[in-house]
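# Results of the structural survey
Here are the chains, one letter per residue:
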Amino acid sequence: VLGRSCAEKLLVQWQPDGACLRLALSKSLGVGIIAGSAVVKLPQLLKLFLSQSAEGVSFLGYLLETVALLIAFAYNWRKGHAFISYGETLLLALQNGAILGLLGVFGGRLLACAAFYAAV
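Residues numbered from 1 in each chain as written. Predicted model: local features only at pLDDT ≥ 70, side-chain atom pairs only at ≥ 80, totals over all residues. Heavy atoms only, no water.

### Comments concerning the nonpolar core
- Listed in full, the 12 residues of the largest apolar core are Leu-45, Leu-48, Ala-54, Phe-59, Tyr-62, Leu-63, Ile-99, Leu-100, Leu-102, Leu-103, Cys-113 and Phe-116.
- Looking at this core, the elements that each hand over two or more residues are helix 3 (42–51), helix 4 (59–79), helix 5 (87–106) and helix 6 (110–119).
- Broken down by element, the residue count for this core peaks at 4 residues, all from helix 5.
- Excluding its chain neighbours within four sequence positions, the residues that come into contact with Phe-116 are Leu-63, Thr-66, Val-67, Leu-70 and Leu-100. (Core = buried A, V, L, I, M, F, W, Y, C linked by side-chain atoms within 4.5 Å. Buried < 20%, exposed > 50% of the residue type's maximum accessible area, 1.4 Å probe, protein only. Helix = DSSP H or I, 4+ residues; strand = E, 2+ residues; numbered from the N terminus. Contact = heavy atoms within 4.5 Å.)

### Regarding a nonpolar patch on the surface
- Nonpolar side chains collect at one region of the surface, where Leu-46, Phe-49 and Leu-50 lie side by side and expose about 340 Å² of accessible area between them.
- Locating Phe-49 in the fold gives a position in helix 3. (Patch = residues over 30% accessible without salt bridge, like charges linked within 9 Å, V, L, I, M, F, W, Y side chains within 5 Å. Areas by Shrake-Rupley, 256 points an atom, 1.4 Å probe, with all protein chains shown as cover. Salt bridge = Lys/Arg side-chain N within 4 Å of Asp/Glu carboxyl O.)

### As for the packing of aromatic side chains
- For the structure on display, the rule yields 3 aromatic pairs.
- For the ring pair Phe-73 and Tyr-86, a centre distance of 5.6 Å and an interplane angle of 50° mean the geometry is tilted. One end of the pair, Phe-73, is in helix 4; the other, Tyr-86, is in the loop between helix 4 and helix 5, with 13 residues separating them in the sequence. Each member of the pair, Phe-73 together with Tyr-86, is buried.
- We classify Tyr-86 as buried; its relative accessible area is 5%.
- An aromatic cluster is defined as three or more aromatic residues linked by ring pairs; in this entry it consists of Phe-73, Phe-83 and Tyr-86. (Phe/Tyr/Trp six-rings, centres within 6.5 Å; stacked < 30°, edge-to-face > 60°.)

Following this line, the structure appears as structure tokens:
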């Protein structure tokens, strides 16, 4: 993750190098953002599932947000960028997809949800 030279400097030789420390901090923040995005929508998923109600949640809002996340993911993936720089978009889109499924079932928009899934 850090590269051979930085890993050796920081982990083996214990010689802090400014560039390697910045790289380590950047990579750590990226991993933290991805880890946080993996669980950020779980409370809403749980609440929707337990209440079995979609009242007050915008289907169109989640649909548009999911489309935007998928576009950002596809762009970054196609350009070959490092996953650590855009991985949160995929995780958020997957969670939004699950929320859309619950909104489809509990909000009476099952056909719209199925059409969206088919289009994706």
